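# Structural overview
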Amino acid sequence: MKKFNNILIDYNKNITVPVDPVCGIEMDESLALVHEHKGKKYYFCCNGCRKIFIKKPKKYKNKS
Ligand SMILES: [Zn+2]
């Protein structure tokens, strides 16, 4: 019998992990830099990514 003990995915937890729209890194919400753009919150791993987004938000916000 196979056991998949090593796979620990909790499907009951509905956590949305903030993703940096510039570099695509997933991060901890408490560590991320938050930038609000048109009422929507965006999370960034570093100030560099945030600056890139602020310069060209159109390039990154239409990722749906
Ligand atoms: Zn980044």
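Residues numbered from 1 in each chain as written. Predicted model: local features only at pLDDT ≥ 70, side-chain atom pairs only at ≥ 80, totals over all residues.

Our focus in this paragraph is the nonpolar core. Formed by Ala-32, Tyr-42, Tyr-43, Phe-44, Cys-49 and Phe-53, the largest nonpolar core amounts to six residues. Contributions of two or more residues to this core are made by β2 (40-44) and α1 (47-55). For this core, the element with the most residues is β2, which contributes three residues. When sequence neighbours within four positions are dropped, the list of residues in contact with Tyr-43 reads Pro-18, Val-19, Asp-20, Met-27, Glu-29, Ala-32, Leu-33 and Val-34. (Core = buried A, V, L, I, M, F, W, Y, C linked by C-beta atoms within 7 Å. Buried ≥ 20, exposed ≤ 12 C-beta atoms within 10 Å, placed from the backbone. Helix = DSSP H or I, 4+ residues; strand = E, 2+ residues; numbered from the N terminus. Contact = placed C-beta atoms within 7 Å.)

Moving on, we come to the pairing of β2. Here strand β1 (residues 33-37) runs beside β2; their pairing, made up of five bridges, is antiparallel. Looking at β2, one finds that Val-34 is bridged to Tyr-43. Linking β1 back to β2 in an antiparallel pair, the connection comprises two residues, with Lys-38 at a positive phi of about 50°. (Pairing = 2+ DSSP bridges.)

Take the environment of Lys-40 next. As for its position among the elements, Lys-40 is in strand β2. By the C-beta count within 10 Å, which is 9 here, Lys-40 ends up exposed. Separated by 21 residues in sequence, Lys-40 and Lys-61 place their C-alpha atoms 9.6 Å apart.

With that settled, consider the confidence of the model for the protein chain. Summarising the model, the protein chain shows a mean pLDDT of 83, and 72% of its residues fall at 70 or more. Element-level mean pLDDT values for the protein chain span from 89 in helix α2 (residues 57-61) up to 96 in α1. (pLDDT = per-residue confidence, 0-100.)

Turning to the environment of Asn-47, a few remarks are in order. As for its placement among the helices and strands, Asn-47 is situated in helix α1. According to the C-beta neighbour criterion, Asn-47 is exposed, with 10 such atoms within 10 Å. Between the C-alpha atoms of Asn-47 and Val-34, which are 13 residues apart in sequence, the distance is 9.8 Å.

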